[in-house]
Each structure stands twice: as structure tokens, then as C-alpha cells.
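Residue-level structural notes
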Amino acid sequence: MNSKIPQDEFDKAKDLLMAAHNILIISHRSPDADSVGANLAMKETLEAMGKKVQSACADPVPSNCVFLKDADRYINDFNSADYDLIVTVDCGSHELMKFHLKKPELLDRTKTTLINIDHHPSNDFFGNVNIVMDQAPATCFILYLFFTYCGWGISKDCATDLLHGLYYDTGSFMHSNTSADTYRIAARLKAHGADHERCVKEQFHTSSISKLRLWGRALSRVSMNSKNAVVAAITERDFREENTEPEDLSGLINYINSVPDSRFCVLLTEDMKGNIKGSLRTQNEDIDLTQIAGLLGGGGHKKASGFTVPGKLHERVVWEVK
Ligand SMILES: [Mn+2]
């Protein structure tokens, strides 16, 4: 392995986890396969050590994660006082917990003890212990390193959880965040019994008719603007008419991010709550999308960023005489 391990943080997190009895693990709002996989992998591993563990998320688990063991046992509310340790996984900033709005004690480092495990450069180190490895392709990748560092066994279910997240955040090893260690860890997870076929099926080979039709709407609108950015859009009406939800767009951006000579691409979606969500991707080495997303109050990674702004989408048809 070439990945550099933050030993101090790993040691501190291990000590806290070993000493805790009731542990709450929080996935970020609008959770994805990395955040759910990491959460359930941690739960599985700590339960095997005799701990009481509860998974929590402000929003429901996405359909591509429902097959994971205990994905149906998430709670969407809790009493912080019931837990002696809280772990957040894949939360790129404290805001992504969402629970802090009603539970300010989550941000009070004297009232709750929190381990923050994440791989986003935007992370604001809101925990008592912060394992933030921004070179890691996924939080599940960090957890593999952490569990093996601690000498904790990796069960078959834990291996599937971790591989699911690793697959998702690397776009099945197609994104530039895929390193030699990504493949090494994937190989070891497979050797631990990870159900790789199921991960692939749930993430890439499962589409409802309505989802395919929604993608068709977005793809039929793809265009390149004067700045060589490829733009596609989906309105709230599209979601409604095709009986779909924002999570049905997961994966679509990879198709939009495939146009030769484009600088970057943007998928704009209305989120049903009066906001426009922008997802940005690029294949271009010279572009840092965190700067573009940052102009609109967003963030993320250099080649994959996003933002949310209030507003509605309007289609503009331009006619000109030549
Ligand atoms: Mn992630």
C-alpha cells in the first residue's frame, strides 16, 4: 500500500471506539453508496466487537443500497444523550449531517464526542478526532485502511459494504481518483467475500422504465454553450411527469461528461424545494471545478463538484438570422 496513513488520528479514533458502548454513525444527507457502505461497514465491524451501534441519516437510503445488510435499520431521528460516541462518515462539512440544525450539541465538542471520517477537501474538521484523507477516493477506502490498521477482521458483509462505496465513488474504477491502492483494496475485499456482482448490478445494471425516460429527457437537451461547457437540465416537471426522483439521475452525469473538446459539463436539476442543484464534472486536467462551484457557494473535488442555489430553471430559445 502506498497510501499514507494518519497514524495519530487512527490511534485516537481506535481508542475512542474501543472505549465506547453505544455508538451512533451518521451518513450525510441525500446519502450515496459511499456514505451508506461506510456506515454499515462500521456498524458491522463494531457490532462484532460487542458494541451497540445505530445508523442514522436525515434522508432515506438510496435504492442501490437497499440490499446491503441492515440498510433497513437506519433511523432518521435520535437523542444524542443516548450515545457515548458519534461517528460521521463521508460528511464533506458539518452541514451535511443536517441533524446539527435541530441538535446543536453535535457541534459542541464538549457536549458530544465525534469522530469525523471523510475524504472531501472541503471538510471543516468538525469532530473531536478528524480522519480526513482528501487523497482517498472514498470513505470506504479509508475504512479499509483503518480496520486493517486496528487489526479488526473484515466480514463478508463488511467487505460488500466497502466495495459498494469504493465502486460508487470511483465510478467503477473509471474516475481519475482510482489508484493502484484502489485496485489492491478492491482485490482484498473480493478475497474477503465481497459480493462484487451484486454491487455492479445494483449500481449500474438496474434501471426502471421511468428512469430511462428521465435520462432521455436530459440527454435530448444536451448542448454546448459559448464557453465550451456541456449543459443539460432536468426540471421539477420532468421528475413529476416521469414519476421519478432526483436519485434517478445518479450516474447520468458520466454520459454528459464525454463530449470531446468540452471544458467541463453541468447537469442542472430542480430539487422540488425551490432550489437548483448543479453537478459539475470535467475530464480536463487544467480545470479546478471546486473554484467554479465555489463561486456559487458549492464545493467538492477538482474534477467533480456541485452547488445548490435557490431558483427555477428557464429554457431559453435563441433565434437568429444569418
Ligand atoms: Mn464519498
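Residues numbered from 1 in each chain as written. Predicted model: local features only at pLDDT ≥ 70, side-chain atom pairs only at ≥ 80, totals over all residues.

Things to note about the overall build of the chain
Heads up, the rule is: Working definition: helices are DSSP H or I runs of at least four residues, strands are E runs of at least two. Numbering for both runs from the N terminus. Each radius of gyration is computed over the set of C-alpha atoms, and the globule rule expresses the reference value as 2.2 Å times the number of residues to the power 0.38. Here the C-beta atoms are placed from the backbone, and a residue counts as buried if at least 20 other C-beta atoms lie within 10 Å of its own, exposed if 12 or fewer do, and partly exposed otherwise. By the criterion used throughout, residues are in contact when their C-beta atoms, derived from the backbone, lie within 7 Å.
Helix and strand counts for the chain come out as ten helices and eleven strands. Whereas a compact globule of 322 residues would reach a radius of gyration of roughly 20 Å, the chain reaches 20 Å, a difference of no more than 12%. Taking the principal axes of the C-alpha coordinates as reference, the chain spans close to 75 × 40 × 40 Å. Taking all 322 residues of the chain together, the buried fraction comes to 42%. In the chain, once contacts between residues fewer than 6 apart in sequence are set aside, the share between residues at least 24 apart is 65%.

Section: the environment of Arg 281
Within the secondary structure layout, Arg 281 lies in strand S9 (residues 275-281). Sequence separation between Arg 281 and Arg 198 is 83 residues, and the spatial gap between their C-alpha atoms is 27 Å. Residues contacting Arg 281, with those up to four places away along its chain left out, are Ile 253, Asn 257, Phe 264, Cys 265, Lys 303 and Ala 304.

Examining the environment of Met 1
With respect to the secondary-structure elements, Met 1 resides in the segment before helix H1 (7-19). Put simply, Met 1 and Leu 145 are 144 residues apart on the chain and 9.3 Å apart in space, counted from C-alpha to C-alpha. Setting aside its immediate chain neighbours within four residues, Met 1 contacts Asp 181 and Arg 184.

Topic: unusual backbone geometry
Phi is positive for Asp 70, close to 75°, though the residue is something other than glycine. Considering the arrangement of structural elements, one finds Asp 70 in the loop between strand S2 (52-56) and strand S3 (85-89). For Asp 70, a count of 16 C-beta atoms within 10 Å corresponds to the partly exposed category. Positive phi values are uncommon outside glycine, yet Asn 228 reaches one of about 60°. Counting through the fold element by element, Asn 228 comes out in the loop between strand S6 (223-224) and strand S7 (229-234). Classification of Asn 228 by C-beta neighbours within 10 Å gives exposed; the count is 12.

Here's the deal with the sheet that holds S3
The condition is simple: Note on pairing: two strands pair once DSSP finds at least 2 bridges between them. Here, axes are lines fitted to C-alpha atoms. For helices the fit covers the stretch in contact, and angles between N-to-C directions go from 0 to 180 degrees.
The five strands lie next to each other as S2-S1-S3-S4-S5, forming an open sheet whose pairing is parallel. On the outer flanks of this sheet lie S2 and strand S5 (129-132), each paired with one strand and no other. Direction aside, neighbouring strands of the sheet carry axes that sit 15° apart on average. Relative to S3, strand S1 (residues 22-27) runs parallel, the two sharing five bridges.

Points about the domain arrangement of the chain
Short version of the rule: Where each domain begins and ends follows an automated or database-derived domain assignment. Residue polarity is assigned by list, with Asp, Glu, Lys and Arg as charged and Ala, Val, Leu, Ile, Met, Phe, Trp, Tyr, Cys and Pro as nonpolar; anything else, Gly included, falls into the polar class.
Looking at the chain, the domain boundaries give domain 1 (7-203) and domain 2 (209-310). On the side of domain 2, seven residues touch domain 1, which itself brings seven residues to the contact. Partitioned by chemical class, the residues of the side of domain 1 that touches domain 2 number two nonpolar, five polar and no charged.

Side note on the packing of helix H3 (residues 139-150) against helix H4 (residues 156-169)
We apply this condition: Note that the term roughly parallel is reserved for angles under 35 degrees, roughly antiparallel for angles over 145, roughly perpendicular for angles of 65 to 115, and oblique for everything else.
Their axes nearest at 7 Å, the elements H3 and H4 cross at an angle of 140°. Here H4 runs oblique to H3, going by the angle between their axes. The segment H3 lies against H4, with Thr 139, Cys 140, Phe 141, Leu 143 and Tyr 144 engaging Leu 162, Gly 165 and Leu 166. For the contact of H3 with H4, a count of residues per class yields six nonpolar, two polar and no charged.

Focus on the pairing of strand S4 (residues 114-118)
Of all five residues in S4, five are buried, a share of seventy percent or more. Residues Leu 114, Asn 116 and Asp 118 of S4 are buried on one face, and the alternating residues Ile 115 and Ile 117, pointing to the opposite face, are buried as well. Bridge count between S3 and S4: four bridges; the pairing is parallel. Directly across from Val 87, in S4, lies its bridge partner Ile 115.

Concerning the packing of helix H2 (residues 33-48) against H3
Direction vectors running N to C along H2 and H3 enclose 20°, while the axes themselves pass 8 Å from each other. When the axis of H2 is compared with that of H3, the two are roughly parallel. Of the residues in H3, those touching H2 at Asp 34, Ser 35, Gly 37, Ala 38, Ala 41, Met 42 and Thr 45 are Thr 139, Cys 140, Leu 143 and Phe 147.

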